[in-house]
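Structural features, examined
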Amino acid sequence: MLPAAEAPPRPRTTSTIPLAGTGEGLAEVAAALARAVGGASTARRPSGPLPAGSPQDVLGAVTSRLGPAVIPGTGVGPDAALHRVARLLVEQGIDLTHPFAAAHLQPPPLAVAVAADALAGASNASQDTYDSGPAGIAVERWLVAALANLAGFEKRADGVLTPGGSLSNLMAIMLARDTVARRLGIDIRTDGVAALGKPVVFCSELAHFSTHRACAVLGLGEAAVRAVPVDADRRMRPDALVEMLAGLNADEIPLAVVATAGTTDFGSVDPLPEICEIAREHGMWFHADAAYGFGALFSDRLAPKVAGLQLADSITVDLHKIGWQPSAASVLLVADGTAFSSLERQVDYLNPADDGEQGYDGLLGVSLQTTRRPDAVKVATTLLAYGRTGLGSMLDTCHDLALHAESRIAAEPELELVAGANLTTVVFRYRGSDELNGALRRDLLRSGQALLGRTSAFPDEPGSPSVTCLKFTLLNPNAGVDDIDALIDLVISTGRKLAHQEGAA
Ligand SMILES: Cc1ncc(COP(=O)(O)O)c(C=O)c1O
């Protein structure tokens, strides 16, 4: 680097268009945001996590404030546009900081992460090549190494940030496909998937649907997915996996097993060490979808729940779930970085070999994307700000809230506990019909008072018919037990009201 005294003066631009950047452009962004936030603070905030009204009312209010769906010939200017959008996001959007927002794996993001994300956006750096933004590349390498270390992976590990857990799972199954193919002497890039025969991917019946979608996209077909039954604790049954492997036809190739560390609906964790052993015996890739559960490693108390993660060939980590990041902040970690070789690309305009030899290299070769946001920046900033134990104590708080919800639900005669606290999730139902439970959730959505999750699940024994359930996914570390009690009171009073109406009809 040139010493400051010798650095040439920065050329001055003459345009007055406010541009973002890491120099003067940062001040432009900060000033524009401050003006927009000033406007938003005068907006009418809903009292619940969502605005009251039917979907038509709420969506209609937004579109009417945007005006006709035609790009205006002349704009209103940045301040007026920001002011209008800030107000409609506040008045018709979602408030995840509200303690009654408990529907999805969608936390209120940490302010520091959002601020860092704005900084990253202001630079418009891209992760693919050195000349598109060196700092972001170094930050991503640092972050991947730190997360791999937390996972218990060794030095040869690598990873990449992706636009979400679904895409991390897709990449994991792609790397599994390509690695197993290479072992069989097949080059998928030139030979295509047909050369593989009939690959089979195992996952539990509670695995996230992105596994099925990935198999379809990767040309394996959804028929390649075999759903392994779960036990009463909603964990994949290793004995059933062994039985299904024994029942494969001679032309079927066991390609991969996807274990879930933190199922979407229940937070349950498949028995990772046992599944790994079976995967190894059959030469299968072992992927752990820890989109939800990886964050348990931040907490001394909860880390034992995901013991065995370090045995996986690849791990999906979603820090926009437990990690309190604005989406997307997903990472695919790989135990052996050479698995990325099927993604290697030499492109004359991006990464010519002689540039690479001189260190002018980016992360093009580990991603399916070319231009790619530096999402690592917000995550790295958060880890520097709070450390492992800071995030761990946020998770412990949310876990305690789930434990409180579990015991309160179990004590309420009008409620039925379906699955107790696992990570930050509790599944239950209002005693009554499936229709009543569905209507109860919609009633709260319409009034905007509370956001509950919904799913269907077997109430007692695995295999028994599924019923419609309600779900709390508790990810607000500022909420307290009084909030959870008030939320449960609201569920009960709404259930009573609807049961009464059902009886009267
Ligand atoms: C276990 C699991 N895997 C994958 C995903 C998909 O993540 P994303 O929504 O970031 O694509 C989810 C989403 O909830 C999930 O719970």
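Each remark here, short or long, concerns the structure printed above.
Summarised in this report is the structure supplied together with it. Given the structure is predicted, the values throughout are model-derived calculations rather than measurements. (Residues numbered from 1 in each chain as written. Predicted model: local features only at pLDDT ≥ 70, side-chain atom pairs only at ≥ 80, totals over all residues. Heavy atoms only, no water.)

Some details on the sheet that holds strand β9 (residues 415-422)
Our working definition: For two strands to pair, DSSP has to find at least two bridges joining them. For the purposes of this entry, the term helix denotes a DSSP run of H or I that reaches at least four residues, the term strand denotes a run of E that reaches at least two, and both are numbered from the N terminus. Throughout, a residue-residue contact means that at least one pair of heavy atoms, one from each residue, lies within 4.5 Å. Helix axes use the C-alpha atoms of the stretch in contact, all axes being lines fitted to C-alpha atoms, and the angles between their N-to-C directions lie in the range 0 to 180 degrees.
One open sheet accounts for five strands, arranged β1-β11-β12-β10-β9; its pairing is mixed. Edge positions in the sheet fall to β1 (101-102) and β9, since each of these pairs with one other strand and no more. In the packing of helix α13 (residues 434-447) onto the sheet, contacts are made with β10 (425-430), β11 (451-457) and β12 (467-473), and the angle to β11 comes to roughly 160 degrees. The strands touched by helix α14 (residues 481-504) are β1, β9, β10, β11 and β12; relative to β10, the strand with the most contacts, the crossing angle is about 25 degrees.

Some details on the sheet that holds strand β5 (residues 252-260)
The seven strands are arranged β2-β8-β7-β6-β5-β3-β4 in an open sheet whose pairing can be described as mixed. What marks the edges here is a single partner per strand, and that holds for β2 (158-162) and β4 (225-228). Recorded for the sheet is a direction-independent mean angle of 20 degrees between the axes of neighbouring strands. The pairing of strand β3 (residues 198-204) with β4 spans four bridges and is parallel.

A look at the layout of surface pockets
To be explicit about the condition: Residues are said to line a cavity or pocket when one of their atoms sits within 4 Å of a point; the points come from a 1 Å grid over protein atoms alone, cavities being sets where a 1.4 Å probe fits but cannot get out and pockets being open sets with protein on both sides within 12 Å along at least five of seven lines. Grid points are joined across faces, edges and corners, and a volume is the space filled by probe spheres set on the points. Only Asp, Glu, Lys and Arg are considered charged, only Ala, Val, Leu, Ile, Met, Phe, Trp, Tyr, Cys and Pro nonpolar, and every remaining residue, Gly among them, polar. The split into domains, and so the bounds of each, comes from an automatic or database assignment of domains.
Its volume calculated, the largest pocket comes out at about 1,300 Å³. Of all the secondary structure elements, the ones that give two or more residues to the lining of the largest pocket are α1 (24-41), α3 (78-92) and α4 (111-123). Taken together, the residues that form the lining of the largest pocket break down as 25 nonpolar, seven polar and three charged. Each of domain 1 (55-93) and domain 2 (119-384) contributes no fewer than three residues to the lining of the largest pocket. As a volume, the second largest pocket reaches approximately 520 Å³. Forming the boundary of the second largest pocket are 29 residues, of which Leu-105, His-208, Phe-209, Thr-264 and Lys-321 lie nearest the centre. Here the residues of the lining of the second largest pocket sort into 10 nonpolar, 13 polar and six charged.

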